[in-house]
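Given next are the chains, with one letter for each unit.
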Amino acid sequence: MNENSVKLKSLICLCVTYSYSLFYVIVAALNVNLGSFGLRIFSSLLAAIAYAIYFYDVKYRRKAENNIIAFSLVFSTVGCMITYLRYDWINTQYAGAIMSFLVRGLPAILMALWASRENNILKVIYWLPCFIILYTFSSFISAVYSFNNSLIYQSISYYSVFAYGFTLYFFFNRKHFINNETIACKWVISKPVIYTLLIIQCYCLFAGGGRGAFVLFIFVTTYYLHKLSKKHLALIICLCLILLLFIGSNIQSVISESKSEYTGAFRIINFFNDTSRLHSDQRVDIYSLAFSCFLDSPFLGNGIGGVFYELGAYSHNIILDFLIDVGIIGFSFILFLGIKAIQFYRKVITNNYHHEIPLIMGLSSFVFLFFSSNYLLDGPLWFCLSYAYAKK
């Protein structure tokens, strides 16, 4: 297969998996307002290309791929039928979530199957430095300049932490890419650029003030801590500077045009220091109501997307969403699949660092879904799970 053709398809693979966030970082970088209609067009076009790449370009499919596709279709179809039979009417939020799965979740599954073939994951990694630059730049200008309001505070924090995780990946695997492999924008993985990016990304995290993103930041940092050694003294110093930046952002505004860095850090600190903030944010009320909905049908659930009927929206927690939708039985099965996938990644990334990227994507997405969005609206988590089972 032509090398350039594979690179183009790998770019589509990455764009499809992150189509939701990618749309908004592009909009923020261009400082334009395309609205939700633009998002639907953007995601639908990428999904159509993804379906075409997989079903028309792939000459054969392995047994594992057929099993994953069959399971995805059967599980989602049966789950949706249960939902329809239970409620017998179409909720607009539910319909939107199902459409989102068709243009983000399912295409991400297919692209994971494509990436698992041969060494296609290497071509996906090829484009990651470009994504790091784009996500970091968009988060930064949205945090600093008041005229650019394309990204809300939570998005600024989350998207910068997404880039932060990939930046750390290149830091710890830098020698492999410098000596043996080719990636786009190779200058991005030079040490001065990496340290600069890390500081900017953490600044954006605190400027946005996303509490879930802050937890994700702690999670990603902890994940990489076991890889630290004395030779990584520069990174340790960089992380200390980030901590000082966080403390300093609570004292005064650094940039006169925007107070976001002050209010963002203030929002994070007060949220974790004052338990009443949980109630003022309505999360406790939402979680309490969601748990009550789960108890109404604890074993089989209410069907896929049932949370949109019970709450009128998602519960801002992936565990509660799954429990409401598929009950204890379905959730136990999903948990089993997740544990087996983690075991696979723990086994293979020791000898092949390429497989760490889908794992980082999936873990970051899982923590993100613990505080926001819904599993039907996501792409990276499905990519991570599908890649693991296609490779096993």
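Residues numbered from 1 in each chain as written. Predicted model: local features only at pLDDT ≥ 70, side-chain atom pairs only at ≥ 80, totals over all residues. Heavy atoms only, no water.

So, about helix α18 (residues 356-369). For α18, which comprises 14 residues, the first-to-last C-alpha distance of 20 Å matches the rise-based estimate of 20 Å (1.5 Å per residue) to within 8%. Along α18, twelve of the 14 residues are buried, which leaves the element largely enclosed by surrounding structure. Within α18, the full set of buried residues consists of E356, I357, P358, L359, I360, M361, G362, S364, S365, V367, F368 and L369. (Helix = DSSP H or I, 4+ residues; strand = E, 2+ residues; numbered from the N terminus. Expected span 1.5 Å × (residues − 1). Buried < 20%, exposed > 50% of the residue type's maximum accessible area, 1.4 Å probe, protein only.)

With that settled, consider the nonpolar core. If you look at the biggest cluster of nonpolar residues, it comprises 116 residues, and the most contacted ones within it are M111, W114, Y135, Y169 and F170. In terms of residues, this core owes the most to one element, helix α8 (residues 153-172), which gives 13 residues. When neighbours within four sequence positions are excluded, W114 is seen to be in contact with V6, K9, S10, C13, I53, Y54, V58, N120 and V124. (Core = buried A, V, L, I, M, F, W, Y, C linked by side-chain atoms within 4.5 Å. Contact = heavy atoms within 4.5 Å.)

The next thing to look at is the layout of surface pockets. Estimates place the volume of the largest pocket at around 940 Å³. Secondary structure elements with two or more residues in the lining of the largest pocket: α2 (19-30), α3 (35-57), α5 (92-115), α8 and α18. Looking at the lining of the largest pocket element by element, the count peaks at eight residues for α5. A class-by-class count of the residues in the lining of the largest pocket yields 20 nonpolar, 18 polar and three charged. (1 Å grid on protein atoms, 1.4 Å probe; cavity = no way out; pocket = protein on both sides within 12 Å on 5 of 7 lines; lining within 4 Å. Points joined across faces, edges and corners; volume = space filled by probe spheres on them. Nonpolar A, V, L, I, M, F, W, Y, C, P; charged D, E, K, R; others polar.)

Before going further, it helps to examine the side chain of S373. Looking at where S373 falls in the secondary structure, it is placed in the loop between α18 and α19 (380-391). Looking at S373, the relative accessible area reads 12%, which means it is buried. In this structure, S373 is in contact with Y314, H316, D321 and F368, ignoring residues within four places of it in sequence.

Positionally, D325 belongs in helix α17 (residues 318-348). An unpaired buried charge is present at D325: no salt bridge exists, and R86, the closest side chain of opposite charge, is 9.3 Å distant. Here V307 takes part through its backbone nitrogen, which lies 2.9 Å from a polar atom of the side chain of D325. (Lys, Arg positive; Asp, Glu negative; His and termini not counted. Salt bridge = Lys/Arg side-chain N within 4 Å of Asp/Glu carboxyl O. Polar contact = N/O pair within 3.5 Å; in protein donor to acceptor, adjacent residues only side chain to side chain.)

Here we take up the packing of aromatic side chains. Describing an aromatic ring pair means giving the distance of the ring centres and the angle of the ring planes. Counted according to the given criterion, the structure contains 38 aromatic pairs. An angle of 85° between the planes, with centres 5.0 Å apart, marks the rings of Y126 and W127 as edge-to-face. The same class applies to Y126 as to W127, namely buried. Ring plane angle 45° and centroid distance 5.0 Å describe the contact between Y164 and F217, whose orientation is recorded as tilted. Taken as a pair, Y164 in helix α8 and F217 in helix α11 (residues 211-225) lie far apart in primary sequence, 53 residues in all. Put simply, the rings of Y18, F131, Y135, Y158, Y159, F162, F166 and F368 pair up and form one aromatic cluster. (Phe/Tyr/Trp six-rings, centres within 6.5 Å; stacked < 30°, edge-to-face > 60°.)

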